[in-house]
Amino acid sequence: MTERDAAADETTGSTPPASYAAAGVDIDAGERAVELISPHAKRASRPEVLGGLGGFSGLFALKGNYREPVLAAASDGVGTKLAIAQAIDKHDTVGRDLVAMCVDDLVVCGAEPLFLQDYIAVGKVVPETVAEIVAGIADGCVDAGCALLGGETAEHPGLMQDNHYDLSATAVGVVEADDVLTPDRVRAGDVVIAMGSSGLHSNGYSLARKVLLEWGHMDLRGHVEEFGRTLGEELLEPTRIYARDCLALIAEADVRTFAHITGGGLAENLARVIPQGLVAELERNTWTPAPIFALIAQRGRVEQLEMERTFNMGVGMVAVVAPEDTDRAQAVLTARHVDNWVLGTIKRAADPKSTEARHRVSLVGEHPRF
């Protein structure tokens, strides 16, 4: 606009023509983001994927000699862990969390993850940041053995701050109808095997942030001796993806069911797959939670029950297996470099008529050195 034009605007009271960009949505930046994420989407693929990016929907041909295939779907997000990533401007790991939260739910019923579609909502599209996020999503899909079939990036000016974003995704998997893992497979005498978590995973961050950052005034970029790295690096440790490990376990051992330990903690999540009349008796003395859990408990004076209802406490996934397959199951997990141990056993409930899920898991004893 020339000085003459500006003066004319002031005189006439007219305003420049409205545009989407002036309203806060940058279509050019969105197109640049698509260019940057394309290589990541291409490397997270499977032979069943048809076509490429740019279509209105992703296409996936369900191939294989399935007798009676059942599709399973799981949707999730990353939660307030994203606030840590945004605070230290590190965005290449939260995509793995997104994938893990979806595919590790799928595998609980025995389903093999096939593909995932993501949704990224941003205050302002910064192509490089979007590319970092999608790189992490692609990494997670490769680890899980599923394809990144497509997704959506939406710019929300006025609704979100420029440097804020939120993530969600839906994953789809397949399992034979007669191979679906359900609670009714669980029997008294079965053994509960724990698979170690990589840290907080993607749950409990509202409490962790309140205790460590708001109350404790800890610096995300400050080195913490117990962790051997910065607080921010510890809090951004990606959620472990167990999907392939669980599928390998199913192939080699008599697995009754799994439980993905997320919000609600070990007891509430395991109770979801324990049938009425049985109880899982778990021993706290079989493991020591990682230092991050102790730090939160001590700094916030958080009671044990609250810690166990909020965090995974070091157990990210649980497998319930037939007792005669305990050694085989542990050998499979160990060979796959998954930290594992016998957590407890399934027993008959004292009150077999009780329908309350909270009575189906019992945690006894105390953690050593915690």
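This is a predicted model, so every value here is computed, not measured. (Residues numbered from 1 in each chain as written. Predicted model: local features only at pLDDT ≥ 70, side-chain atom pairs only at ≥ 80, totals over all residues. Heavy atoms only, no water.)

Enquirer: Would you mind going over the packing of aromatic side chains with me for this structure?
Expert: The description of an aromatic ring pair rests on the distance of the ring centres and on the angle between the ring planes. Applying the stated rule across the entire model yields three aromatic pairs. For the ring pair F60 and F115, a centre distance of 5.1 Å and an interplane angle of 45° mean the geometry is tilted. Of this pair, F60 sits in strand β2 (residues 59–60) while F115 sits in strand β4 (residues 112–122); the two residues are 55 residues apart in sequence, bridging distant segments of the chain. The pair F60 / F115 is uniform in exposure class, with both members buried. Residues F293 and F311 carry aromatic rings whose centres are separated by 6.2 Å and whose planes lie at 70° to one another, so their mutual orientation is edge-to-face. Of this pair, F293 sits in helix α10 (residues 291–300) while F311 sits in the loop between α11 (304–310) and β12 (315–321), and the two are 18 residues apart along the sequence. (Phe/Tyr/Trp six-rings, centres within 6.5 Å; stacked < 30°, edge-to-face > 60°. Helix = DSSP H or I, 4+ residues; strand = E, 2+ residues; numbered from the N terminus. Buried < 20%, exposed > 50% of the residue type's maximum accessible area, 1.4 Å probe, protein only.)

Enquirer: What's the story with the pattern of salt bridges in this structure? I'm lost.
Expert: Charged atoms that come close allow side chains of opposite charge to pair. What the rule picks out here adds up to 19 salt bridges. Two residues, E48 and R46, come together in a salt bridge whose shortest N-O distance is 2.9 Å. The same class applies to E48 and to R46, which are both buried. Put simply, E176 and R67 hold a salt bridge, and the shortest N to O gap is 4.0 Å. On the criterion of sequence distance, the pair formed by E176 in strand β6 (residues 165–176) and R67 in the loop between β2 and β3 (69–77) is long-range, its members being 109 residues apart. The class for E176 is buried, based on a relative accessible area of 10%. On the accessibility criterion, R67 (59% relative accessible area) is exposed. One salt-bridge network, in which partners are shared between bridges, spans R43, R96, D139 and D143. (Salt bridge = Lys/Arg side-chain N within 4 Å of Asp/Glu carboxyl O.)

Enquirer: I tried to follow the UniProt feature "domain: PurM-like C-terminal" (unreviewed entry) in the chain on my own but got confused; where do I start?
Expert: Per the UniProt entry, the sites bearing "domain: PurM-like C-terminal" (unreviewed entry) are residues 187–348 in this numbering. The span residues 187–348 is 37% helix and 23% strand, and its two end C-alpha atoms sit 9 Å from each other. (UniProt positions renumbered as here; feature names shortened; annotations may be inferred.)

Enquirer: Would you mind going over the sheet that holds β3 with me for this structure?
Expert: Backbone-to-backbone hydrogen bonds join strands into a sheet, with any given pair of strands oriented parallel or antiparallel. Spatially, the four strands line up as an open sheet ordered β3-β6-β4-β5, and their pairing is mixed. Pairing within the sheet leaves two strands with one partner each, and these edge strands are β3 and β5 (147–155). Between one strand axis and the next, the sheet turns by 15° as a mean value, whatever way the strands run. Bridge analysis of β4 against β6 gives 10 bridges, and the strand direction is antiparallel. Of the residues in β6, the one forming a bridge with A121 is D166. Against the sheet, helix α5 (residues 127–144) touches β4, β5 and β6, its axis set at about 165° to β4. (Pairing = 2+ DSSP bridges. Axes fitted to C-alpha atoms, helices over the stretch in contact; angles between N-to-C directions. Contact = heavy atoms within 4.5 Å.)

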